[in-house]
Amino acid sequence: MLTLVIANKLYSSWSLRPWLMMTELGLAFDEIVIPLDQPDTATRILAHSPAGKVPILLDGPLRVWDTLAILEYLAELHPGRVWPADRAARALARSISAEMHAGFGALRSACPMNLGKRFARRDRGPAVARDLARVEAIWRDARARFGAGGPFLFGAFSGADAMYVPVVTRLDTYDLPVAPDTRAYMDAVLNLPGFQAWREAALKETWIVPHDEVDEEPLVDHRAGR
Ligand SMILES: N[C@@H](CCC(=O)N[C@@H](CS)C(=O)NCC(=O)O)C(=O)O
């Protein structure tokens, strides 16, 4: 039985990626949620991985940490189900996943994942606009070349979509201006039953992590009154 160690579903973008991939694979797995920003957070995470970060996948005595390593491990367990079957598509899927893993710092820091709020559209600066343009180009290119078989980047849901799910939520939460084809892809991701289940659980959480909150009045606060 697999166990995925994750953090708050409201804020933890890295946790969401492998969780949704495992859910889309139809795997039965347990989860351990370690809330961020608590006095025992570091100790609890370190009990599972010396890297001190979630997500961590536990498979019997094996420990796999770091999102991309977990996706690759899942790809070994389920060949042909995480990355596209076509070699050129797989090369692109891995490249854009690695680009996401290592990049888009402006977008990530200006627009932290927060599934509980929605913010008014406003100019978030040139660096965010550059990240957004690159994200839209990546999605458009993958969809045009390999997306004919379904609504996702490579047709069927893949590890590349899993890597970009929190980007989709950020574009949605902060109402960044996107083209219609980008919006259609975002809607396909946001409408996944697995994503909706994650979001529903996130909205039931009561933890607030100040570091992950932007200093801005939201248009909507889904957890207000809790
Ligand atoms: N490179 C790591 C990043 C993981 C990461 O930054 N996780 C955050 C939560 S989203 C974390 O564990 N933070 C714990 C802490 O900083 O105390 C990955 O891809 O999994």
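Residues numbered from 1 in each chain as written. Predicted model: local features only at pLDDT ≥ 70, side-chain atom pairs only at ≥ 80, totals over all residues.

1. A look at the overall build of the protein chain
For step 1, the next point in the chain: Helix and strand counts for the protein chain stand at nine helices and six strands.
For step 2, the next point in the chain: Computed over the C-alpha atoms, the radius of gyration of the protein chain is 17 Å, within 12% of the 17 Å expected from 2.2 N^0.38 for a compact globule of 226 residues.
For step 3, the next point in the chain: Taken along its principal axes, the extent of the C-alpha atoms in the protein chain is 45 × 45 × 30 Å.
For step 4, the next point in the chain: Burial analysis of the protein chain (226 residues in total) assigns 36% to the buried set.
For step 5, the next point in the chain: Restricting to contacts in the protein chain with at least 6 residues of sequence separation, those with at least 24 account for 70%. (Helix = DSSP H or I, 4+ residues; strand = E, 2+ residues; numbered from the N terminus. Rg over C-alpha atoms; globule rule 2.2 N^0.38 Å. Buried ≥ 20, exposed ≤ 12 C-beta atoms within 10 Å, placed from the backbone. Contact = placed C-beta atoms within 7 Å.)

2. Here's the deal with the site of the ligand
For step 1, the next point in the chain: Not every one of the 14 residues close to the ligand is listed here, only the nearest: S12, W14, K53, V54 and T67.
For step 2, the next point in the chain: Sorting the residues of the shell around the ligand by element identifies α1 (13-24) and α2 (41-46) as the ones contributing at least two each.
For step 3, the next point in the chain: The element that contributes the greatest number of residues to the shell around the ligand is α1, accounting for three residues. (Near = placed C-beta within 6 Å.)

3. Describing helix α6 (residues 126-146)
For step 1, the next point in the chain: Over its 21 residues, α6 runs 30 Å from end to end, which matches the ideal 30 Å to within 8%, given 1.5 Å per residue.
For step 2, the next point in the chain: Taken residue by residue, α6 has V128, D131, L132, V135, W139, A142, R143 and F146 as its buried positions. Angularly, the buried residues of α6 cover 110° about the axis, an arc narrow enough to put them on a single face. In α6, the exposed positions angled more than 90 degrees off the buried face are occupied by P126, A133, A137 and A144.
For step 3, the next point in the chain: Packed against the buried residues of α6 are α4 (87-102), α5 (105-110), α7 (159-173) and α8 (180-190). (Expected span 1.5 Å × (residues − 1). Arc of directions from axis to C-beta.)

4. A few points about the environment of A69
For step 1, the next point in the chain: Tracing the chain through its elements places A69 in helix α3 (residues 67-77).
For step 2, the next point in the chain: Between the C-alpha atom of A69 and that of D175, which follows or precedes it by 106 residues, the distance is 31 Å.

5. Regarding the domain arrangement of the protein chain
For step 1, the next point in the chain: Annotation of the protein chain at the domain level lists domain 1 (2-80) and domain 2 (87-196).
For step 2, the next point in the chain: The centre of domain 1, based on its C-alpha atoms, is set 21 Å off from the matching centre of domain 2. (Domains from an automatic or database assignment.)

6. Structural notes on the environment of H211
For step 1, the next point in the chain: Its location among the elements puts H211 in the loop between α9 (193-204) and β6 (220-221).
For step 2, the next point in the chain: On the basis of neighbour counts, which here come to 8 C-beta atoms within 10 Å, the residue H211 falls in the exposed class.
For step 3, the next point in the chain: Through-space distance from the C-alpha of H211 to that of L62 is 32 Å; in sequence the pair is 149 residues apart.

7. Comments concerning unusual backbone geometry
For step 1, the next point in the chain: Cis geometry marks the peptide bond from V54 to P55, where omega comes out at 5°.
For step 2, the next point in the chain: In this structure, P55 sits in the loop between α2 and β3 (56-59).
For step 3, the next point in the chain: Its identity is not glycine, yet F104 carries a phi of approximately 60°, on the positive side.
For step 4, the next point in the chain: Relative to the elements of secondary structure, F104 occurs in the loop between α4 and α5.
For step 5, the next point in the chain: Residue class for F104 comes out buried when judged on the 21 C-beta atoms lying within 10 Å of it.

8. Quick look at the sheet that holds β3
For step 1, the next point in the chain: Taken in spatial order, the four strands make up an open sheet running β2-β1-β3-β4, and their pairing is mixed. The sheet terminates laterally at β2 (29-33) and β4 (62-65), the two strands that pair on one side only. Across the sheet, the mean angle from the axis of one strand to that of its neighbour is 20°, orientation sign disregarded.
For step 2, the next point in the chain: By the bridge criterion, five bridges tie strand β1 (residues 2-6) to β2 in an arrangement that is parallel. Within β2, the position partnered with L4 by the bridge is E31.
For step 3, the next point in the chain: Its contacts with the sheet place α1 against β1, β2 and β3, and it is angled at close to 155° to β1.
For step 4, the next point in the chain: Each of β3 and β4 touches α3; the most contacted strand, β4, lies at about 130° to it. (Pairing = 2+ DSSP bridges. Axes fitted to C-alpha atoms, helices over the stretch in contact; angles between N-to-C directions.)

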